[in-house]
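Geometric and topological summary
If you want the building blocks of each chain, they are given just below.
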Amino acid sequence: MFQRIYVEITNTCNLDCSFCLKNKRSSRMMTIEEFKHILQEIKDYTQHIYLHVQGEPFMHPNLLDFLNLAYEARLKVHLVTNGTYLGSVTYELYEHPALVQLSISLHALQIYDHDQNHIVLKQLIQDSDKHHFSLFLRIWRFDDLKSRTKLSQLIDIPIDKLPMKRSKITTNQFVDLDDTFTWPSLSNPYISDLGYCHSGTKLIAILADGTVTPCCLDAEGIINLGNIHQNNFITIIKGNRLTTLNKYFNQNICSEELCKHCSYRLRFNKKRGITL
């Protein structure tokens, strides 16, 4: 069982944020039939699905249909959005029983009283104790004063009193602040062949075209384990490439070249007693 499986329903986004990897793939929206097939393949291997790797899931015209299908499959849905479509979807989405977590990035959100996205967000914050899902207000960069100011205004906490890590503010409401990370790429500097990651054990990802990769940050599908529309999921996760990856991670060794160029995994070193 995986703690979570990422299903990228679209790799298309309306923004071009500096902290996000530039999409080199052709823009794609997953079809309903493709999503149905994926759920049938993975429903016995997780309870939680995250509907993104890259892309803005609120742009998908069938997002509510996807939540309905996930609910039928008894899967819990996590959504991450840049917030620019909060006012464009039916409020039925926020009341959907499949939704267990909604994370909203504050980098792009306009804080104007008459901006519809702002109005919806304020309502979500105000009603957070009534909702059945957790609302996360996310900032990717500690040094982003503009976004921290937005957050301070939204939750009515002085900016110098804001917590600097993930913290619970009220019932079902959290702030989620993290350091900016570098998306893994073969063009990044070589780090080390020593290391560990949860990829392939606690999590796995399925890109919009069906490519399965062990890493939720492998937006280019470099560690290609197979395509879920061509092979059974069980065959893919029992394949030699993932088996080898996990075997060597258990020995604190990176077998994949992408992992050797990934700095994100360094955050796991201390708990594993790894020193470079």
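First, a word on scope: everything that follows refers to the structure included in this document.

Rules used in this analysis
- Residues numbered from 1 in each chain as written.
- Predicted model: local features only at pLDDT ≥ 70, side-chain atom pairs only at ≥ 80, totals over all residues.
- Heavy atoms only, no water.
- Helix = DSSP H or I, 4+ residues; strand = E, 2+ residues; numbered from the N terminus.
- Contact = heavy atoms within 4.5 Å.
- Buried < 20%, exposed > 50% of the residue type's maximum accessible area, 1.4 Å probe, protein only.
- Pairing = 2+ DSSP bridges.
- Core = buried A, V, L, I, M, F, W, Y, C linked by side-chain atoms within 4.5 Å.
- Axes fitted to C-alpha atoms, helices over the stretch in contact; angles between N-to-C directions.
- Parallel < 35°, antiparallel > 145°, perpendicular 65-115°, else oblique.
- Left-handed = near helix turned anticlockwise from the far one by under 90°.
- Nonpolar A, V, L, I, M, F, W, Y, C, P; charged D, E, K, R; others polar.
- Phe/Tyr/Trp six-rings, centres within 6.5 Å; stacked < 30°, edge-to-face > 60°.
- Arc of directions from axis to C-beta.

1. Topic: the side chain of Ser199
Considering the arrangement of structural elements, one finds Ser199 in the loop between β7 (173-177) and β8 (203-206). Among all residues touching Ser199, those that are not within four sequence positions of it are Pro214, Cys215, Leu245, Asn246 and Phe249.

2. Regarding the pairing of strand β5 (residues 134-139)
For β5, the buried fraction is high: 6 of the 6 residues fall into the buried class. Judged by which residues are buried, β5 turns out to be covered on both faces: Ser134, Phe136 and Arg138 on one side and Leu135, Leu137 and Ile139 on the other are all buried. Direction of pairing for strand β4 (residues 99-105) relative to β5: parallel, over a ladder of 5 bridges. Bridge assignment links Ser105 to a residue of β5, and that residue is Arg138. Bridge count between β5 and β7: 5 bridges; the pairing is parallel. Bridge pairing in β7 places Leu135 opposite Gln173.

3. Comments concerning the environment of Met29
By secondary structure assignment, the location of Met29 is in the loop between β1 (4-7) and α1 (32-42). When near neighbours in sequence (up to four residues on either side) are disregarded, Met29 contacts Ile9, Thr10, Glu34, Met59, His60 and Pro61.

4. Re the nonpolar core
Within the largest apolar cluster, 63 residues are counted, with the highest numbers of intra-cluster contacts made by Val7, Phe35, Ile42, Ile49 and Leu51. Broken down by element, this core gets its largest block of residues, 5 residues, from helix α2 (residues 63-72). Residues contacting Phe35, with those up to four places away along its chain left out, are Val7, Ile9, Met30, Ile49, Leu51, Phe66 and Leu69. With 15 residues, the next largest nonpolar core counts Tyr6, Leu21, Phe181 and Ala219 among its residues.

5. Considerations on helix α4 (residues 145-155)
Think of an α-helix as turning once every 3.6 residues; residues three or four places apart then point the same way. For α4, the set of buried residues is Ser147, Arg148, Lys150, Leu151, Ser152, Leu154 and Ile155. Structurally, α4 contributes buried residues whose contacts are with α3 (116-126), β5, β6 (167-170) and β7. Positive backbone phi, at 55 degrees, marks Asp156, one or two positions downstream of α4.

6. Re the packing of α1 against α2
At a closest axis distance of 10 Å, the pairing of α1 and α2 adopts a crossing angle of 25 degrees. With respect to each other, α1 and α2 are oriented roughly parallel. Handedness of the crossing formed by α1 with α2: right-handed. When α1 is examined against α2, the residues Ile32, Phe35, Lys36 and Leu39 are found in contact with a partner set consisting of Asp65, Phe66, Leu69 and Ala70. Among the residues forming the contact of α1 with α2, the class breakdown is 6 nonpolar, no polar and 2 charged.

7. Remarks on the packing of aromatic side chains
Scanning the entire structure with this criterion turns up 11 aromatic pairs. Ring geometry for Phe136 versus Phe174: centroids 4.6 Å apart, planes at 5 degrees, classification stacked. Of the two residues, Phe136 is situated in strand β5 and Phe174 in strand β7; the sequence distance between them amounts to 38 residues. Ring geometry for Phe181 against Trp183: centres 5.8 Å apart, planes inclined by 40 degrees, an arrangement best described as tilted. As far as the burial class goes, Phe181 and Trp183 line up, both buried. Grouped by ring-pair contacts, the aromatic residues Phe181, Trp183, Tyr264 and Phe268 constitute a single cluster.

8. Some thoughts on α2
Those residues of α2 not exposed but buried are Leu63, Phe66, Leu67, Leu69 and Ala70. The buried residues of α2 occupy an angular sector of 165 degrees when the element is viewed end-on, so they sit on one face. Among the structural elements, α1, β2 (48-50), β3 (76-81) and β4 are those in contact with the buried residues of α2. At the C-terminal side of α2, Arg74 shows a positive phi close to 60 degrees.

9. Here we look at the environment of Thr201
Topologically, Thr201 is positioned in the loop between β7 and β8. A relative accessible area of 31% places Thr201 in the partly exposed class. Sequence separation between Thr201 and Arg4 is 197 residues; the distance between their C-alpha atoms is 9.7 Å. With sequence-adjacent residues up to four places away left out, Thr201 is seen in contact with Met1, Phe2, Tyr196 and Asn246.

10. A short note on the sheet that holds β3
The mixed open sheet is built from 10 strands, whose spatial order is β6-β7-β5-β4-β3-β2-β1-β8-β9-β10. Across the chains shown, the open sheet's two edge strands, defined by having one partner strand only, are β6 and β10 (226-227). Against the sheet, α1 touches β1, β2 and β8, its axis set at about 165 degrees to β1. The strands touched by α3 are β4, β5 and β7; relative to β5, the strand with the most contacts, the crossing angle is about 130 degrees.

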